[in-house]
Structures are given as structure tokens and as C-alpha cells.
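Each chain, letter by letter, is given below.
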Amino acid sequence: MIRWFKERKIMKGERKGERSMEQKQSGRRKLRFGRSLMSRYIILILAAVLFVPVILPIMSIIYVVVVNNTNMNQAAPYGDVTQISNLWSLEAENLDGASDEEIKAQLEQLHGSYPKASMYRVKASGETLFILGSEDVTLLKSTSPDGRTDTTLRWSLDSGQTAETRIPAEWNANNTVQFMKEASFRDPLTVVSYIGGGEKDRGQGFMIIEVPRSLLQMNHSNGLLELLYLGIVMTIIFLSFIMMSILFFARIRKRLIRLQTAMMTTGKEGLPLPVDIRQSDEIGQLEEAFNQMVHQLSDSRHREREEEQLRKRLIAGLSHDLRTPLTVIRGHMHALHKEELSEQGDRSLHRMEAKMEDLGGLIDNMLSYNLLTSGKYTLKLEEKDILRIVRETAAAWYPVWEKEQFEIDIDLPEEPLIWHMDEQGMRRILDNLFQNVIRHADSGKYIGISTQEIQGETAIVIQDRGPGMQPNADTKGTGLGLSIVDLLIREMGLRKRVDSSDTGVQTYIYSGKGKQGNNKPLK
């Protein structure tokens, strides 16, 4: 039957192992680069690298184009240079053959449309006939060396500077050439047209118009405001990039915190709960691996429980099955005492009785260990005098120690030492410890029971002079006795410490509550 249980357990473990491997292999999915966090991070890095050399020029070009298109819809007050030049040439051609009065009347009419422009006419002989000054011009008169009166136009420009145009009363080749040279680049704009021919001299003289260049340019907005606007646009783009980066890493942090919370949160079985896999990136693979680990731990926990239940049923069954033949053997051994036996037979009978007692104790230990591990061992915790229980238990073992020729050293105080414990469980602890001394420290022939201060409280000390605890030694027993001691001490909330050396083993048992409980230490 035991072999059947083992084979069934091995086959079940192999099936679960294969199922777990299949789940693991099916759970491995190839991560596509386009869905990975690495690809998104590279996009952010490229955006950061290309921000200044690419985005900034593009935004500047877009800004210039938008501003220029906007300003194209805003006409200058007097048009542009081409419009003024064409207008003046057309007027000069239309005045072909006109008299001086007609020319003056036409220019006065035109001056009414352009009051901020200055206009004047020069005859073919070089005489200046009339001057129509601008609203922003100051006319200054001066006398030339030959006694003629020349006129100077002083312009007050929008830039805050002033410009002067000298108009001689009589034009000659020198001052005409000088005037033409200065007119090509000066402010105000100067346009000269021949009457009747525009750009061709028809012997009717010429007429001149001067217009401040500020009236021929569109009104640009304030450069500081434009720079501020451009700065605001770039700041918005930069902040958008920063916000995208923050959101990117915030989402990663949120998912990692969710995974961390899942790792720290345990379910009914004391294991973490699986998490929902929302994205198939690196963190998604980590979540998938975590879920696989949780499933493997859950399967392992179920296998452990099944094995534990199987072990408990096996121990209970063996203990029950062994008690019946043990009782029969004891009955026959008791009957042999009534028969006449030789001295050798009597010694053999007593030896068999001792071994039967050991076997009975082993069965009791198996049952006790099974009850303790399954939580079915009921403890009645009360306030008891531990020193009284130690004295009574030692008194029961006194004949055994004398029979084994042990040196007995008991030094316990008279004052009571109150612990919160189960009396029967404590007696079982002491019996197992005393039995352990008989079995493993028989060579020392010494048992010592005393009290000692440890960690601020009084502890019970059981000491022997055996070879000490040697893991590789060929010792007797199964170790169930000490396992039961540890379980009972843990269930009663006590503490145990073991010091082992070549000169023996000292076992300390204390309440673990210091001097705050009912523990009454020695004076």
C-alpha cells in the first residue's frame, strides 16, 4: 500500500511538472520590437536629439512664412517702390505737351493724394519752376554764390534722423549728376521722370517726387513681441516633449508599482495573486513570468498539502496497526513471567520488555507529532509553577537515572516561577529531554537541572556531559522526540536555546516575556 502511494505521488508530480512546462512554453511569446519599451524610448531620444537642429528651424520657417503671408495682406500707406515709380512715370507721360500751368495743377492735385511727398518741376533750361513740399518737410532758403536762391528740404524721418535735399534754382551738369548719384540710395526715395517721355528726354524738362521710405514699407509688428511669441511657441513645444517623457516614465512606474503591490499582497493560500497582463512589452513579459511563478508556487503548495495529508494518514494508520500486535506481544510477555525461566531467559525477557517500551514510546511520539502538525493537539494554557512541574517530573525519572548510574545534580530555588503554559505539554517536553539524555549522553553519566538568568529572565537549564550534538554520528532514535519538543514550545509561546560542545549539551527553556509577565526570577 505504501509503495502504491509513492508511485501515485511520483506520477502526479510528473504530470503536474509536464503541465507546468507546457504552460511555461506556451506563455513564452516573441516580443515585437514595435511594441517594446525600447522602441518608445528610442523615439523619445530621437525627438530630443532632433529638437534643436530640426524642429527649431522648421518652426522658424513656419513662423516666417505665416508672418509674411499675414503682412502681405497689409498694404503700405503709399504702396511700394514699384508702384510709386510706375505712377510717377505714367503721370510724366500723360503731361506730354502740357503747359506749365497744367503741369503745376496736375502735380498739386497729385500732391493732395500724397501730402507727405515732396514734388517739384525743372524746365528743360534747368530752371526750377515750383516746389510742393511735404507736410513733414521744412523748406530752407539759401543764396548761391551767383546770387540765386536755392531751396533745401529738411526731412524728419520716422527713424528719428533728418535728411536734406538741396534743390538749386538753376540745374547744371555737375549738380544734376551729383543729385542723381545721391538719389539712388538715399532716404527719402527719389524718382525722376522726363515730362512726356518717362525715361526719355523730350526736351520738356523733368519732374521729381520724394517719398519717405517708411511710407513705402508695411508696418511690421514689434520685434520684441515677435521674439516673445516665437519663444512662447518653442516653450510650449519643449514643455510638450517634457510632458510626454514624464507620462512615459510615469506609466512605467505605475505598472511597476502595481506589480510590486501584487507581489506584496497575498491571497488565501499565503501566495501572491496573479496580475492582469495589459500590454505585451517588457513589463508585460515580467508580469507573465510573475504569473507563471505564482501558478508554480500554487501547484507546489497543493502538492505539499497532498503529501502532508498522505504522511499524516500513513502515520496514523501505522500507529493504529502497530498497537494491536504490540498489545498481543505484551500479553504473551506478561504470561512468560509466570513460567520458570533460566537466568539467561529472564534477562532476555526483561530486555524485550524494555524494547517494547521504546517501541510504545515511539508510537506515542508519532501520534503526538501527527496531532501537533495537523493542529489537533489541544493545549490548555494556564498559570503554573514550572519549578514544581520540573521537580515532579525529575522525581519520576530518578529511579531510571540511578539504574543507569547517573550523577544527579538538581539545584532549583524554593520560590515559585510562574509561566503561562500547558502542564501536560510541559511534562511531555521534560520527558523527551530526559529521554534524550539517557539515549545520547549515556557516556557522560551526568544529568543536571538548574535555573539561570538569560535575556533578563529565569530559564530552566538541563545539562549533560555527553559528546555533544554531532550530526554525522551514528546515534539512536528517529529525532521525533526533539521535534515534538520544538512544536510544543512554539505552541505554548516559550523559547528554547541549545548550546552544544565536546563537554556536553545545555538546553535552556524560558518564557520569552522578560520580567514583564508573571515570571518571578531568583533573588
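Note that this is a predicted model, so its numbers are computed, not measured.

Calculation rules
Residues numbered from 1 in each chain as written. Predicted model: local features only at pLDDT ≥ 70, side-chain atom pairs only at ≥ 80, totals over all residues. Heavy atoms only, no water. Helix = DSSP H or I, 4+ residues; strand = E, 2+ residues; numbered from the N terminus. Buried < 20%, exposed > 50% of the residue type's maximum accessible area, 1.4 Å probe, protein only. Pairing = 2+ DSSP bridges. Axes fitted to C-alpha atoms, helices over the stretch in contact; angles between N-to-C directions. Contact = heavy atoms within 4.5 Å. Phe/Tyr/Trp six-rings, centres within 6.5 Å; stacked < 30°, edge-to-face > 60°. Lys NZ or Arg CZ within 6 Å of the ring centre and 35° of its normal. Expected span 1.5 Å × (residues − 1). Bend = angle between axes of the 7 residues up to and from the residue. Polar contact = N/O pair within 3.5 Å; in protein donor to acceptor, adjacent residues only side chain to side chain. Core = buried A, V, L, I, M, F, W, Y, C linked by side-chain atoms within 4.5 Å. Parallel < 35°, antiparallel > 145°, perpendicular 65-115°, else oblique. Left-handed = near helix turned anticlockwise from the far one by under 90°. Nonpolar A, V, L, I, M, F, W, Y, C, P; charged D, E, K, R; others polar. Lys, Arg positive; Asp, Glu negative; His and termini not counted. Salt bridge = Lys/Arg side-chain N within 4 Å of Asp/Glu carboxyl O. pLDDT = per-residue confidence, 0-100.

Caption draft 1: Region of interest: the overall build of the protein chain. Along the backbone of the protein chain there are 11 helices and 14 strands. Here the protein chain, with 523 residues, has 33% of them falling under the buried criterion.

Caption draft 2: Summary view of the sheet that holds strand β2 (residues 128–132). The antiparallel open sheet is built from 4 strands, whose spatial order is β2-β1-β7-β6. Each edge of the open sheet carries a strand with a single partner, namely β2 and β6 (189–194). Averaged over all neighbouring strand pairs, the angle between strand axes comes to 15°, with direction disregarded. As paired elements, strand β1 (residues 118–122) and β2 share 4 bridges and run antiparallel to each other. Following the sheet pairing, Val122 is matched in β2 by Thr128. Its contacts with the sheet place helix α5 (residues 173–183) against β1, β6 and β7 (206–211), and it is angled at close to 130° to β6.

Caption draft 3: Up close: the packing of aromatic side chains. Across all of its chains, the model carries 6 aromatic pairs by this definition. Their ring planes at 90° and their centres at 5.2 Å tell us that Trp171 and Phe179 sit as a pair that is edge-to-face. With respect to burial, Trp171 and Phe179 carry one shared label: buried. Here the aromatic rings of Tyr194 and Phe206 are separated by 6.4 Å at their centres, their planes lie at 80°, and the arrangement is edge-to-face. Note that Tyr194 is positioned in strand β6 and Phe206 in strand β7, a separation of 12 residues in sequence. Pairwise contacts between aromatic rings join Trp171, Phe179, Tyr194 and Phe206 into one cluster. The residue whose ring lies beneath Arg465 is Tyr446, and the NZ or CZ to ring-centre distance is 3.8 Å. The lysine or arginine in question, Arg497, covers the ring of Tyr508, its NZ or CZ lying 4.6 Å from the ring centre.

Caption draft 4: Just helix α9 (residues 386–403), in detail. Compared with an ideal rise of 1.5 Å per residue, which puts 18 residues at 26 Å, α9 spans 26 Å between its outermost C-alpha atoms and is within 8% of the ideal. When the local axis directions of α9 are compared, the greatest deviation, roughly 40°, occurs at Trp397, which is followed within four positions by the proline Pro399. Residues Ile386, Leu387, Ile389, Val390, Thr393, Ala394, Trp397 and Trp401 constitute the buried set of α9. The elements touched by buried residues of α9 are β8 (382–385), β9 (407–411), β10 (418–421), α10 (423–440), β11 (446–454) and β12 (457–464). If you check the start of α9, you find a side-chain oxygen 3.2 Å away from the backbone N of Leu387, and it comes from Asp385. Gln405 sits one or two residues past α9 and shows a positive phi near 65°.

Caption draft 5: Structural detail: the nonpolar core. In terms of nonpolar packing, the biggest core is built from 33 residues, with Ile386, Trp401, Trp419, Met426, Ile429 and Phe434 touching the most fellow members. Sorting the residues of this core by element identifies α9, β10, α10, β11, β12 and α11 (480–491) as the ones contributing at least two each.

Caption draft 6: Layout of the packing of helix α3 (residues 81–94) against helix α4 (residues 100–113). The geometry of α3 relative to α4 is characterised by a closest axis approach of 11 Å and an angle of 155° between their N-to-C directions. One way to sum up the angle between α3 and α4 is to call them roughly antiparallel. α3 and α4 meet at a crossing whose hand is right-handed. Each of Leu87, Trp88 and Glu91 in α3 lies in contact with α4, whose residues at this interface are Gln106, Leu107 and Leu110. The residue makeup of the contact of α3 with α4, split by class, is 4 nonpolar, 1 polar and 1 charged.

Caption draft 7: Structural detail: the sheet that holds strand β14 (residues 504–510). With respect to topology, 5 strands assemble into an open sheet ordered β9-β11-β12-β14-β13, the strand pairing being mixed. Each end of this open sheet is capped by a strand with a single partner; those strands are β9 and β13 (495–501). Strand after strand, the sheet turns through a mean of 20° between neighbouring axes, direction not considered. Bridge count between β12 and β14: 4 bridges; the pairing is antiparallel. Counterpart to Ile462 in the pairing with β14 is Thr507. Contacting β9, β11 and β12, α9 runs over the sheet at an angle of about 160° to β11.

Caption draft 8: Inspection of the pairing of β7 at higher detail. Across the 6 residues that make up β7, a large majority, 6, are buried. Residues Phe206, Ile208 and Glu210 point to one face of β7 and Met207, Ile209 and Val211 to the other, with burial holding for every one of them. As paired strands, β1 and β7 are joined by 5 bridges and run antiparallel to one another. Looking at the pairing, Ser118 lines up with Glu210 of β7.

Caption draft 9: The arrangement of unusual backbone geometry in detail. Residues other than glycine seldom take positive phi values, yet Gln405 does so here, at roughly 65°. Within the fold, Gln405 resides in the loop between α9 and β9. Take Gln405: its relative accessible area is 65%, and that puts it in the exposed class. The backbone of Lys445 shows a phi angle near 55°, a positive value even though the residue is not glycine. Tracing the chain through its elements places Lys445 in the loop between α10 and β11.

Caption draft 10: Spatial organisation of α11. In this model, α11 (12 residues) spans 16 Å end to end at C-alpha, consistent with the 16 Å of a helix rising 1.5 Å per residue. Those residues of α11 that fall on the buried side of the exposure criterion are Leu480, Gly481, Ile484, Val485, Leu487, Leu488 and Ile489. At the exit of α11 stands Gly493, carrying a positive phi of roughly 75°.

Caption draft 11: Inspection of the side chain of Glu457 at higher detail. Looking at the secondary structure, you find Glu457 in strand β12. One buried charged side chain, Glu457, makes no salt bridge at all; its nearest oppositely charged neighbour is Arg495, positioned 7.6 Å away. Engagement of the side chain of Glu457 in a polar contact is seen with the side chain of Ser511, the distance being 2.6 Å.

Caption draft 12: Geometry of the confidence of the model for the protein chain. Per-chain confidence: the protein chain averages 79 in pLDDT, with 82% of residues scoring 70 or above. Within the protein chain, the lowest mean pLDDT, 50, falls on helix α1 (residues 2–27), and the highest, 94, falls on β12.

Caption draft 13: Here's a closer look at the side chain of Arg427. Tracing the backbone through its elements, the reader meets Arg427 in helix α10. Overall, the relative accessible area of 19% leaves Arg427 in the buried class. With residues up to four places along the chain from it excluded, the contact list for Arg427 reads Arg388, Ile389, Glu392 and Thr393.

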